[in-house]
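Residue strings, one per chain:
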Amino acid sequence: EAQVTQNPRYLITVTGKKLTVTCSQNMNHEYMSWYRQDPGLGLRQIYYSMNVEVTDKGDVPEGYKVSRKEKRNFPLILESPSPNQTSLYFCASSFMRLGGYTFGSGTRLTVV
Amino acid sequence: EDQVTQSPEALRLQEGESSSLNCSYTVSGLRGLFWYRQDPGKGPEFLFTLYSAGEEKEKERLKATLTKKESFLHITAPKPEDSATYLCAVQASTSGTYKYIFGTGTRLKVLA
């Protein structure tokens with residue numbers, strides 16, 4: 001089944017403890033992206049990637065890192081999480097630059 | 001500043017009562033406009049892409065249209081299973097970078 005897989009689905013962590021949210025797609029898509037979704041603010045793009053080793057900042061990149069060493073994987077790294085990064089995170093992928101995205105099921109992160 | 005605004009925020013319809021959702025945008029370098037459906041606790045599901053003014057796309061009871069300033073998602077004779085949040089997004093090109101900007105969505109409830 002074609003899909004985007006994120007792990008974990010739920011995560012509670014403490015301020016400052018580094019964490020990684022994994023994202024993998026099995027559709028051989030070149031384009032991948034990370035979003036956070038917050039009530040009243042909608043989905044906001046954190047980072048996106050056009051291909052292996054090619055990434056760029058979205059609208060809210062502060063406090064996040066990404067890497068794209070393989071085409072299928074696009075992990076999101078929070079080096080020192082803070083409570084304002086508590087949110088619902090989605091990874092997504094697309095086979096073309098101007099195409100619709102396939103989204104993962106989301107990761108609900110709580111930073112205390 | 002690039003902006004996407006959706007209206008209304010929420011909409012309640014009786015089964016069979018047709019209506020339209022609006023997505024207005026102010027962006028430079030529009031490359032595409034996208035509609036998604038999001039069910040509670042899930043990632044957005046891609047519905048349509050529109051690339052130029054005058055373009056229309058249809059899928060079952062849904063029809064999306066695009067002008068130079070806004071897009072409409074027309075829902076004909078909706079059913080309770082059409083209840084969801086409908087998201088609009090635009091892809092804009094600025095200085096060689098591509099950004100994906102979402103609106104905050106319209107929560108649709110269709111009553112049996």
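Please refer to the structure placed before this passage.
Residues numbered from 1 in each chain as written. Chains lettered and ligands numbered in written order. Predicted model: local features only at pLDDT ≥ 70, side-chain atom pairs only at ≥ 80, totals over all residues. Heavy atoms only, no water.

### Considerations on the interface of chain B and chain A
It is common to report an interface's size as the accessible area lost on association of the parts.
Here is step 1: Tallying the contact residues gives 21 residues for chain B and 23 residues for chain A.
Here is step 2: The largest contributions to the chain B side of the interface with chain A come from Y98, Y100 and F102 of chain B, which together make up 32% of the buried area.
Here is step 3: Linking chain B to chain A there are zero salt bridges.
Here is step 4: For the pair chain B and chain A, the number of links is three residue pairs in polar contact (both at pLDDT 80 or more).
Here is step 5: In terms of residue count, the dominant contributor to the side of chain B that touches chain A is strand β10 (residues 97-102) of chain B (six residues).
Here is step 6: For the side of chain B that touches chain A, the class distribution of residues is ten nonpolar, eight polar and three charged. (Contact = heavy atoms within 4.5 Å. Buried area = accessible area lost by both parts, 1.4 Å probe. Salt bridge = Lys/Arg side-chain N within 4 Å of Asp/Glu carboxyl O. Polar contact = N/O pair within 3.5 Å; in protein donor to acceptor, adjacent residues only side chain to side chain. Helix = DSSP H or I, 4+ residues; strand = E, 2+ residues; numbered from the N terminus. Nonpolar A, V, L, I, M, F, W, Y, C, P; charged D, E, K, R; others polar.)

### Quick look at the pattern of salt bridges
Residues and elements named next belong to chain A.
Here is step 1: For the structure on display, the rule yields seven salt bridges over all chains.
Here is step 2: Measuring nitrogen to oxygen at the nearest pair gives 3.0 Å for the salt bridge that ties K65 to E79. Taken together, the residues span a long stretch of sequence, with K65 in strand β7 (residues 65-66) and E79 in the loop between β8 (76-78) and β9 (87-94) at a distance of 14 residues.
Here is step 3: Using a relative accessible area of 36% as the deciding quantity, one classes E79 as partly exposed.
Here is step 4: Residues participating in the shared-partner salt-bridge network are R36, D38 and R44. (Buried < 20%, exposed > 50% of the residue type's maximum accessible area, 1.4 Å probe, protein only.)

### Describing the sheet that holds strand β3 (residues 19-25) of chain A
Residue and element names in this part refer to chain A.
Here is step 1: Within the open sheet, the four strands sit side by side as β1-β3-β8-β7. Their pairing is antiparallel. Because the sheet does not close on itself, it has two edges, and the strands there are β1 (4-7) and β7.
Here is step 2: Sheet topology note: the β7/β8 ladder contains two bridges and is antiparallel. Looking at the pairing, K65 lines up with I77 of β8. (Pairing = 2+ DSSP bridges.)

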